[in-house]
Amino acid sequence: MKKKLISVLLTATMAASLLVGCGGNGNSNASNNDTPSTTGDDANAGDDANAGDDANAGDDANAGDDANAGDDANAGDDANAGDATTLKWAIWDKDATPYWNALKEAYEDAHPGITIEMTDLGSTDYTTVLATELSGSGSDFDVVTIKDVPGYATLVSKNTLEPLDDYISDAGIDLSQYGGVDKQITVDGKLYELPFRNDFWVVFYNKDIFDNKGIAYPTNDMTFEQYQDLAKQVTDTTFGSQIYGAHYHTWRSAVQLFGVLDGKNSILDGNYDFFKPYYEMVLKQEDEQVCRNYADLSAEGLHYSAAFSGGDVAMMNMGSWFISTLISSLESGEYDKALCGNWGMVKYPHAEGVEAGSTLGTITGLAVTSVSDQKDAAFDFVEWVSGAEGAKVMAGTGNFPALMNDEVSDMISGMEGFPTDAESKEALNVSNLYLEAPYAENVSQINDILDTYHKSIMNREMTVDEGIAAMNDEVGKVLGK
């Protein structure tokens, strides 16, 4: 199993490195596009990412094929009992993304008589092409993959997706297994997709740096104050042997979105005063050489993976997609084990009073099209992929499913090359997941505005107060305030 996983990881990461310059496209957010396996989009937080939760709910909701054997049977009714059913599924980057075919084959094996026909629309303009296809009269897609929240908003606004609420109710699916993500993508009381892939943010750290300093490792329950103190403590500003206590990639997600972890604030609010303490924290760390300078990072185009693998970064906040990159790159020899081979990870730091394990994430989902004439069969596929069985397939390809349970967590933490310490395994358990970009009809406009002024603040072209005031003003216009 371990050899199979590491082989998949190597293949996915190498393919992605050819197709995607993670973080090099100037986007300030993280998203499913930069992820090693999704070659995708720089999905708004970069490589962005996503995590699942509530391990146990998965088993309840997906008692799976036993509880939903009826649905499997109904799927056949769509195409006359006994006849073969073909479901057409829109995806991107089939050859570079191992889980597409793995999900197809596993579902077909479990459902004789059902064929999943994939159509690769490419990653670059996936949502635009898909929206055009679905808006036309000749579309025959039954199931479509939702790449990110802005794309979801576009498809919902065009009435191209089928509301899933009745299907979810009839199937007895417990939505709490997705850790509250469903509430962040509900549109006017209706849900149009179910997540199947998730990446979430953690703190990666270099154990050797801490060992050499005689300083205790980061923990899974750090307040921001403790995190700042630790970063400063481990920093060494000696010329020629610098150690940076922290590293922040150039995406705005790496700074701004510390502020949404309390569950009270969102990028959709229109008032961004809550960003201020986190901008001040990072800019102060720059001044004290605790982290690299944003302007230098932008000018040099230094990728976060190169920063961490260089062996001079003690801690780095980044998405869970980086796990597979680290493992495969160390295995292949691309990364020097002497510099970064002894690594671990812990949960995101949090504000006082906020539950440990609260973090940011991105999701990839599946939806049923409104034009499909096989909606029951299509939903059965969506339910299976987003449930316990699909989660095991995802984990088997080295990717994080939206539904995390003990079995899936054990599969991921059991991969060859994954840290063996208990803290790193525990970091896989998320308590609260907040999407980098929750649903809103105008989320793309808001993202663009926040990106623009993030760059202005970090390049010190504007003060923190000036930049936030500009965000409030410009987004306020979009929201009609």
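Scroll up to find the structure.
Residues numbered from 1 in each chain as written. Predicted model: local features only at pLDDT ≥ 70, side-chain atom pairs only at ≥ 80, totals over all residues. Heavy atoms only, no water.

Colleague: What should I look at first to understand the pattern of salt bridges in this one?
Modeller: It is possible for side chains of opposite charge to pair when their charged atoms get near one another. Inspection of the entire model under this criterion finds 18 salt bridges. The partner of aspartate 410 in a salt bridge is lysine 425, and the shortest N-O contact between them spans 2.7 Å. Placement of the pair is aspartate 410 in helix α19 (residues 406-413) and lysine 425 in helix α20 (residues 422-426), with a sequence separation of 15 residues. Note on lysine 425: relative accessible area 36%, which makes it partly exposed. Members of the salt-bridge network, linked through shared partners, are Lys88, Glu117 and Asp140. (Salt bridge = Lys/Arg side-chain N within 4 Å of Asp/Glu carboxyl O. Helix = DSSP H or I, 4+ residues; strand = E, 2+ residues; numbered from the N terminus. Buried < 20%, exposed > 50% of the residue type's maximum accessible area, 1.4 Å probe, protein only.)

Colleague: Which parts of the structure should I look at to understand the packing of helix α5 (residues 98-110) against helix α18 (residues 388-396)?
Modeller: For any two helices packed against each other, one specifies the crossing angle of their axes together with the interaxial distance. Closest axis-to-axis distance for the α5/α18 pair is 9 Å, and the angle between their directions is 140°. By the criterion of interaxial angle, the relationship of α5 to α18 is oblique. For the pair α5 and α18, the sense of crossing is right-handed. Residues Tyr99, Ala102, Leu103 and Ala106 of α5 touch α18, and the partners they reach there are Gly390, Val393 and Met394. Residue classes in the contact of α5 with α18 are distributed as six nonpolar, one polar and no charged. (Axes fitted to C-alpha atoms, helices over the stretch in contact; angles between N-to-C directions. Parallel < 35°, antiparallel > 145°, perpendicular 65-115°, else oblique. Left-handed = near helix turned anticlockwise from the far one by under 90°. Contact = heavy atoms within 4.5 Å. Nonpolar A, V, L, I, M, F, W, Y, C, P; charged D, E, K, R; others polar.)

Colleague: What exactly am I supposed to notice about unusual backbone geometry here?
Modeller: Excluding glycine, a negative phi dihedral is what most residues carry, and trans is how most peptide bonds are arranged. The backbone of asparagine 159 shows a phi angle near 60°, a positive value even though the residue is not glycine. Structurally, asparagine 159 is set in the loop between α7 (149-157) and α8 (165-171). The residue glutamine 289 is not glycine, and still its phi comes out positive at about 60°. Within the secondary structure layout, glutamine 289 lies in the loop between α12 (276-287) and α13 (294-300).

Colleague: Please explain the side chain of lysine 347 as it appears in this structure.
Modeller: Residue placement: lysine 347 occurs in the loop between β6 (343-346) and β7 (358-368). A relative accessible area of 10% places lysine 347 in the buried class. At 2.9 Å, the side chain of lysine 347 and the side chain of glutamate 426 are in polar contact. Here lysine 347 is in contact with Val203, Thr219, Asn220, Ala356, Gly357, Glu426, Ala427 and Asn429, once residues within four sequence places are set aside. (Polar contact = N/O pair within 3.5 Å; in protein donor to acceptor, adjacent residues only side chain to side chain.)

Colleague: Please explain α12 as it appears in this structure.
Modeller: Residues lying three or four places apart along an α-helix face the same way, a consequence of the helix completing one turn every 3.6 residues. Between its terminal C-alpha atoms α12 stretches 16 Å, which fits the 16 Å expected from 12 residues at 1.5 Å a residue. Every buried residue belonging to α12 is among Tyr278, Tyr279, Met281, Val282, Leu283, Gln285 and Glu286, and all of these are buried. Packed against the buried residues of α12 are α11 (224-234), α13, α21 (443-458) and α22 (464-479). With its phi angle positive at about 60°, glutamine 289 sits one or two positions after the end of α12. (Expected span 1.5 Å × (residues − 1).)

Colleague: Hey, could you run me through the pairing of β7 in this one?
Modeller: A regular strand places its side chains on the two faces of the sheet in alternate fashion. For β7, a buried count of 11 out of 11 residues is recorded, marking the element as mostly surrounded by other parts of the structure. Alternating residues of β7 divide into Ser358, Leu360, Thr362, Thr364, Leu366 and Val368 and Thr359, Gly361, Ile363, Gly365 and Ala367, and every residue in both groups is buried. Pairing geometry for strand β3 (residues 143-146) and β7, over four bridges, is antiparallel. By the bridge assignment for β7, valine 144 is matched with alanine 367. Pairing analysis gives six bridges linking strand β4 (residues 194-206) to β7, with the strands arranged antiparallel. Along β7, the bridge assignment pairs asparagine 198 with isoleucine 363. As paired strands, β7 and strand β8 (residues 432-435) are joined by four bridges and run parallel to one another. (Pairing = 2+ DSSP bridges.)

Colleague: Would you explain the environment of alanine 388 in this entry?
Modeller: Here alanine 388 lies in helix α18. A relative accessible area of 7% places alanine 388 in the buried class. Separated by 20 residues in the primary sequence, alanine 388 and valine 408 place their C-alpha atoms 8.8 Å from one another.

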